[in-house]
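Listed below, chain by chain, are the residues.
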Amino acid sequence: MDNEKLKAAGIDVDDALARLMGSQALLERLLGKFTADQNMARLEDAAASGDAASGFEAAHALKGVCGNLSMTRLFELTSRQCDLFRSGDAVSAFALVGDVRAAYDAALAAIAD
């Protein structure tokens, strides 16, 4: 993995490495596992059906994973989304799905590169 591409995709590599005791191998392994995470698909399914409870669960789970992996762009978007769900504004929360998807795809592309 190219750390500069990861950084450009919104991943704070330095913070992630500090959290992982400097282990690049562990970071790469965890980022590889991220590519199999199903929470983005769950979020999109919830948006398609208008299921706010499932949307919140998926956004919250995705936020946790992104926070642990220092995926700052995704973490910020999903945090905002969770706040909107909590306040009862599912329409605005679901409106962020496109932005979340774009940041998610950018992270996946950087991980795969």
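Look up: the structure comes first, before these words.
Quantities reported herein were computed from a predicted structural model and do not represent experimental measurements.

**Student:** So what exactly am I meant to see when it comes to the nonpolar core here?
**Tutor:** Counting 33 residues, the largest nonpolar core has F34, M71 and L74 as the members making the most contacts within it. Those elements that place two or more of their residues in this core are α2 (13-19), α3 (24-34), α4 (39-49), α5 (52-68), α6 (72-86), α7 (90-95) and α8 (97-112). Considering every element that reaches this core, the biggest residue donor is α8, with 7 residues.

**Student:** Can you help me understand the packing of aromatic side chains in this one?
**Tutor:** Any pair of aromatic rings gets described here by the distance separating the centres and the angle formed by the planes. Per the counting criterion, the structure on display carries 3 aromatic pairs. Judged by centre distance (5.3 Å) and plane angle (55°), the rings of F34 and Y104 are tilted. Taken together, the residues span a long stretch of sequence, with F34 in helix α3 and Y104 in helix α8 at a distance of 70 residues. Residue F34 shares its accessibility class with Y104, and that shared class is buried. An angle of 80° between the planes, with centres 6.4 Å apart, marks the rings of F56 and F85 as edge-to-face. A residue pair is termed long-range when its members are at least 10 positions apart, and F56 in helix α5 and F85 in helix α6 qualify at 29 residues.

**Student:** Please explain the environment of N68 as it appears in this structure.
**Tutor:** Here N68 lies in helix α5. The exposure class of N68 is exposed, given its relative accessible area of 55%. In this structure the C-alpha to C-alpha distance between N68 and T78, which are 10 residues apart in sequence, comes to 13 Å.

**Student:** I keep staring at the environment of A90 and nothing clicks. Help me out?
**Tutor:** Topologically, A90 is positioned in helix α7. Remark: the alpha-carbon pair of A90 and Q24, spanning 66 residues in sequence, is separated by 38 Å. What A90 contacts, discounting residues up to four positions off in sequence, is A52, L84 and F85.

**Student:** Which parts of the structure should I look at to understand α5?
**Tutor:** An α-helical turn contains 3.6 residues, so any two residues separated by three or four positions project in the same direction. Its 17 residues give α5 an end-to-end C-alpha distance of 24 Å, which sits within 8% of 24 Å, the value for a rise of 1.5 Å per residue. Regarding α5, the residues found buried are G55, A58, A59, L62, K63, C66 and G67. What you see down the axis of α5 is that its buried residues fit within an arc of 165°, all on one side. In the core, the buried residues of α5 are packed alongside α2, α3, α4, α6, α7 and α8. The N-terminus of α5 is capped by D51, whose side-chain oxygen sits 3.2 Å from the backbone nitrogen of A53. Of the residues flanking the end of α5, it is S70, one or two places downstream, whose phi is positive at about 60°.

Basis of the calculations
Residues numbered from 1 in each chain as written. Predicted model: local features only at pLDDT ≥ 70, side-chain atom pairs only at ≥ 80, totals over all residues. Heavy atoms only, no water. Core = buried A, V, L, I, M, F, W, Y, C linked by side-chain atoms within 4.5 Å. Buried < 20%, exposed > 50% of the residue type's maximum accessible area, 1.4 Å probe, protein only. Helix = DSSP H or I, 4+ residues; strand = E, 2+ residues; numbered from the N terminus. Phe/Tyr/Trp six-rings, centres within 6.5 Å; stacked < 30°, edge-to-face > 60°. Contact = heavy atoms within 4.5 Å. Expected span 1.5 Å × (residues − 1). Arc of directions from axis to C-beta. Polar contact = N/O pair within 3.5 Å; in protein donor to acceptor, adjacent residues only side chain to side chain.

None of the figures reported here should be taken as evidence of function without further support.
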